[in-house]
Amino acid sequence: MSWLRPRNLLATILMMALVAGGVLVALPYLVSTDLIRARLIQEISNWTGYTVESRQSPQISFFPIFSASLGDVSIRNPWQSQGAPFMQAERIEVDLSLLSALMGNIEFTETKIVRPRFVIDEPIKSLSEIGEALAKSDGRIGDVVREARAAVLANPAKPDMSTVSSQPFGRVRLEDAMVIFKRPINGAEEQISSISGVFDWPQTSGVASFRGKAIWHGEETEIDSSATKAVLLLAGGTSPLQISLSSTPLTLSFNGSANISKDQFFEGTLSLTSPSLRRTLEWSKTATIPAAPIGSFALDASVSGSATRMKLDGLTATLNDNPAKGVIEVVLDQGTPSIAGTLAFETLDLHSVFSGFMPLPDGSGNSDAVINTAFLKQLNLDLRVSAPKATLGPVNLSKVAATAQMRNGRAIFDIGEASAFDGSVAASFQLADEGDGAALGELRLNGTDVNSASIASLLGLGKRFELGKGTMSLVLKGPISRWSTALANAKGTLSMRFGAGQIRSLDFNSLLSKAKTDRFFSLNEKTDAWLAFDRLEIKANIMDGVASLDTAQIQNKSGTLNFAGIVTLIGKSLALTGDFAAPVAAAATAQGGAATDAPKPEPTFNHTRFFIGGSWDNPFISPIISPQN
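Residues numbered from 1 in each chain as written. Predicted model: local features only at pLDDT ≥ 70, side-chain atom pairs only at ≥ 80, totals over all residues. Heavy atoms only, no water.

*Asks:* Any chance you could break down the overall build of the chain for me, citing the residues and the numbers?
*Replies:* What the chain contains, in helices and strands, is eleven helices and 35 strands. Residues counted as buried form 39% of the 629 residues belonging to the chain. About 33,300 Å² of surface is accessible on the chain, with carbon and sulfur atoms providing 56% of the total. (Helix = DSSP H or I, 4+ residues; strand = E, 2+ residues; numbered from the N terminus. Buried < 20%, exposed > 50% of the residue type's maximum accessible area, 1.4 Å probe, protein only. Areas by Shrake-Rupley, 256 points an atom, 1.4 Å probe, with all protein chains shown as cover.)

So this is what it looks like as structure tokens:
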């Protein structure tokens, strides 16, 4: 054919290029910017049902795609005449169909909103009111939501969505957006900033999803969420829902279903991990607990609840490397968050777990820090735990049943029952806010059938005490501002009663001899001798870090050893007097060994008195000269 000849083909291409160039040159004149501006505002208003305003003329771009940019845009609820608009944006950019624009129509293929500021306030106070507001609007979304609400009202359990029309929505990109809202519990204003991502909703009858990132409380968070039946969710029905959040303080994943109506609820599976539970609580502004750092925290559970109440069933969790199973319930509708539940641990480090809920000393620099009791009013707690094996500092326990409670400015850590020191123990610690920055602490410890050797080792007395089982009771109470000074301000009582036992490396006969003759000697002299006793009893009053002995007695077959004086609990110094009373055998009173009717004489004793000074771990003895008996 003649037109396929090179000369004719070149002419054809040149002609087409001239036509295309002419069209491109004429495009700005063929497409009315006023029409685009009016249709853009009309389309946004038709979709949302809200009043749309723009104080600038649109900027039209033909390369690389046909698009329009509308600056200084605000969207306001039509019934809201005052206050901040629902949305203010630096500009809205839309990709348009050129062919439709030439024919006088506006069709969006993608929308980009740059630096919008959303204010979720009156009349939208909660998630449920988002659907309410959309249902009141006159836009196309409002029409769809109203149809879906009618289907939900007709059959809440299984609405017939075939009667609900499906409208194309498209894709919306957010760039550097901000959402301002108020917490439903305390009304505190919150904001989520630097939101960038893509909201996809091809058809209103289908899946809606958002993927992007944002900054909340100073931490960047990645978000991936989708609702399978988004319009049903907005209409007050139930939709499958998937949410994933990933940030430095917390990684969370929920997969289940949700309903955001007035009777909102959700159920499904929840998985979360945190490198620090305290950091997560602080980040979420749930509570601030000034205690030793809680380590990693992770849980998987079946979850159900509402915006103000959540129950975690079949929970498997790990707190500070302590694995546990149980049930937890969280309540947020009373101004102060409440956590209650039971956890069964395989092994349990009581200090590491409960230091997360109250400030317990850990032997480091925190012992001299001021104890801030503000956390006592920021969280209500009723946590019950059990474990076949547990530790509390250097103490090994078994068959442990314990609780941690916080309410009305008071925290209680209680071990109701446990096996320790070869016997059974019960202990509790309380911390109460007395107002004006003052706090009151109370410690109670009771032991039954415990081994004196284990108790002595815990008190820093080494391994000199062995055998001997008995009971003990310790009560301390007083003002507390720092752990380092708590004992110096405490008042209370101490009582111990033990049965047969022995004190190793103590030659008692040599001690009695030296107490009569030597001027000064140490009890730490090495010897293989030991003092056997049948009974040991101590009762003391404690005040300002000093124990004053009411009763301190050791009984054996040779006599009774009594002590009196004071023992300092902080410096471990001693200032005691000792008195060993040995009974004197009674002489025969009748000839031939025959008994008489004379009354028996009062028993008499030989006394050896001495002074004990020095410290618990290095005591010294000096004699006390007294009248001869």
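*Asks:* Which residues make up the pattern of salt bridges, and what are the values?
*Replies:* Per the counting criterion, the structure on display carries 21 salt bridges. Between arginine 115 and aspartate 176 there is a salt bridge whose closest N-O contact spans 3.6 Å. Of this pair, arginine 115 sits in the loop between β5 (108-114) and β6 (117-120) while aspartate 176 sits in strand β7 (residues 168-182), and the two are 61 residues apart along the sequence. Take arginine 115: its relative accessible area is 41%, and that puts it in the partly exposed class. The closest approach of N and O atoms between aspartate 433 and lysine 377, which form a salt bridge, is 3.6 Å. Residue aspartate 433 is located in strand β22 (residues 423-435), and its partner lysine 377 is located in the loop between α8 (350-354) and β19 (380-392); the two are separated by 56 residues in the primary sequence. Linked by salt bridges that have partners in common, Glu90, Arg91, Glu93, Arg115 and Asp176 make up one network. (Salt bridge = Lys/Arg side-chain N within 4 Å of Asp/Glu carboxyl O.)

*Asks:* So, the pairing of strand β25 (residues 469-479): which residues are in play, and what are the values?
*Replies:* Bridge analysis of strand β23 (residues 438-451) against β25 gives ten bridges, and the strand direction is antiparallel. Across the sheet, asparagine 451 pairs through a bridge with lysine 469, a residue of β25. Pairing between β25 and strand β26 (residues 491-498): eight bridges, direction antiparallel. Across the sheet, leucine 476 pairs through a bridge with glycine 492, a residue of β26. (Pairing = 2+ DSSP bridges.)

*Asks:* Give a detailed account of the packing of aromatic side chains, specifying residues and quantitative values.
*Replies:* Under the definition given, this model contains six aromatic pairs. With a centroid separation of 5.4 Å and 45° between ring planes, the pair formed by phenylalanine 169 and tryptophan 201 is classed as tilted. Residue phenylalanine 169 is found in strand β7, and its partner tryptophan 201 is found in strand β8 (residues 189-203); the two are separated by 32 residues along the sequence. What makes phenylalanine 169 partly exposed here is its relative accessible area of 27%. Taking the relative accessible area as the measure of exposure, tryptophan 201 reaches 4% and is therefore buried. Taken together, the aromatic side chains of Phe169, Phe199 and Trp201 make up a single cluster linked through ring pairs. (Phe/Tyr/Trp six-rings, centres within 6.5 Å; stacked < 30°, edge-to-face > 60°.)

*Asks:* For the environment of glycine 305, give the residues involved together with the corresponding values.
*Replies:* Within the secondary structure layout, glycine 305 lies in strand β14 (residues 297-305). In this structure the C-alpha to C-alpha distance between glycine 305 and glycine 268, which are 37 residues apart in sequence, comes to 9.7 Å. If sequence neighbours within four positions are ignored, glycine 305 has contacts with Gln264, Phe265, Phe266 and Met310. (Contact = heavy atoms within 4.5 Å.)

*Asks:* Can you tell me about the side chain of asparagine 322, naming the residues and giving the values?
*Replies:* Locating asparagine 322 in the fold gives a position in strand β16 (residues 322-331). Take asparagine 322: its relative accessible area is 4%, and that puts it in the buried class. Reaching out from asparagine 322, the side chain makes a polar contact with the backbone nitrogen of aspartate 349 at a distance of 3.0 Å. Beyond its immediate sequence surroundings of up to four residues, asparagine 322 is in contact with Ala317, Phe345, Thr347, Leu348, Asp349, Ser352 and Val353. (Polar contact = N/O pair within 3.5 Å; in protein donor to acceptor, adjacent residues only side chain to side chain.)

*Asks:* With reference to specific residues and values, describe the nonpolar core.
*Replies:* Generally speaking, soluble globular proteins have nonpolar side chains that are buried together. Grouped together as the largest cluster of nonpolar side chains are 108 residues, with contacts concentrated most on Leu299, Leu350 and Leu397. Every residue in contact with leucine 397, bar those within four places of it in the chain, is listed here: Leu350, Pro388, Lys389, Ala390, Thr391, Leu392, Ile415, Ala418, Ser419, Ala420 and Val425. Within the second largest apolar cluster, 22 residues are counted, among which are Ile44, Ala89, Val179 and Ile195. (Core = buried A, V, L, I, M, F, W, Y, C linked by side-chain atoms within 4.5 Å.)

*Asks:* Which residues make up helix α5 (residues 140-154), and what values do they have?
*Replies:* Look at α5: 22 Å from first C-alpha to last across 15 residues, which is about the 21 Å you get at 1.5 Å a residue. The complete set of buried residues in α5 reads Ile141, Gly142, Val144, Val145, Ala148, Ala151 and Val152. (Expected span 1.5 Å × (residues − 1).)

*Asks:* An account of the side chain of serine 622 is needed here, citing residue identities and associated values.
*Replies:* With respect to the helices, strands and loops of the structure, serine 622 is situated in strand β35 (residues 618-623). In this structure serine 622 touches Arg519, Phe520, Phe610 and Phe611, once residues within four positions along its chain are discounted.

*Asks:* Describe the environment of arginine 140, listing the residues and the values that go with them.
*Replies:* Note that arginine 140 resides in helix α5. For the pair formed by arginine 140 and isoleucine 44, sequence separation is 96 residues and the distance between their alpha carbons is 9.8 Å.

*Asks:* Residues and numbers for helix α11 (residues 508-517), please.
*Replies:* When we look at burial in α11, the residues that qualify are Phe508, Leu511, Leu512, Lys514 and Ala515. Buried residues belonging to α11 abut β28 (521-522), β29 (530-533), β32 (559-568), β33 (574-584), β34 (604-615) and β35.

*Asks:* Any details on unusual backbone geometry? Residues and values, ideally.
*Replies:* Although it is not a glycine, aspartate 72 adopts a positive phi angle of roughly 50°. Summarising the element assignment, aspartate 72 is placed in strand β3 (residues 67-76). Aspartate 72 sits in the partly exposed class, given a relative accessible area of 31%. Positive phi is not limited to glycine here, since asparagine 408 has a value of about 55°. With respect to the helices and strands, the residue asparagine 408 is situated in the loop between β20 (395-407) and β21 (410-420). Overall, asparagine 408 belongs to the exposed group, its relative accessible area being 74%.

*Asks:* Requested: an account of the environment of arginine 407, with residues and values cited.
*Replies:* Within the secondary structure, arginine 407 sits in strand β20. The class for arginine 407 is partly exposed, based on a relative accessible area of 45%. Separated by 25 residues in sequence, arginine 407 and aspartate 382 have C-alpha atoms that sit 8.5 Å apart.

*Asks:* So what about the pairing of β34? Which residues, and what values?
*Replies:* In summary, the side chains of a regular strand alternate between the two faces of the sheet. For β33 and β34, the ladder comprises nine bridges, and the chain directions are antiparallel. Bridged to threonine 577 within β34 is phenylalanine 611. Here β34 pairs with β35 via six bridges, running antiparallel. Bridge pairing in β35 places phenylalanine 610 opposite proline 623.

*Asks:* Pulling in residues and values, what's your account of the confidence of the model for the chain?
*Replies:* Residue-level pLDDT values for the chain average 80, and 78% of them are 70 or greater. Confidence drops under a pLDDT of 50 for residues 18-27, and excluding neighbours within four residues, the segment shows four contacts in the predicted structure. Segment residues 587-593 is flagged for pLDDT under 50; beyond a separation of four residues in sequence, or across chains, it makes three contacts in the model. (pLDDT = per-residue confidence, 0-100.)

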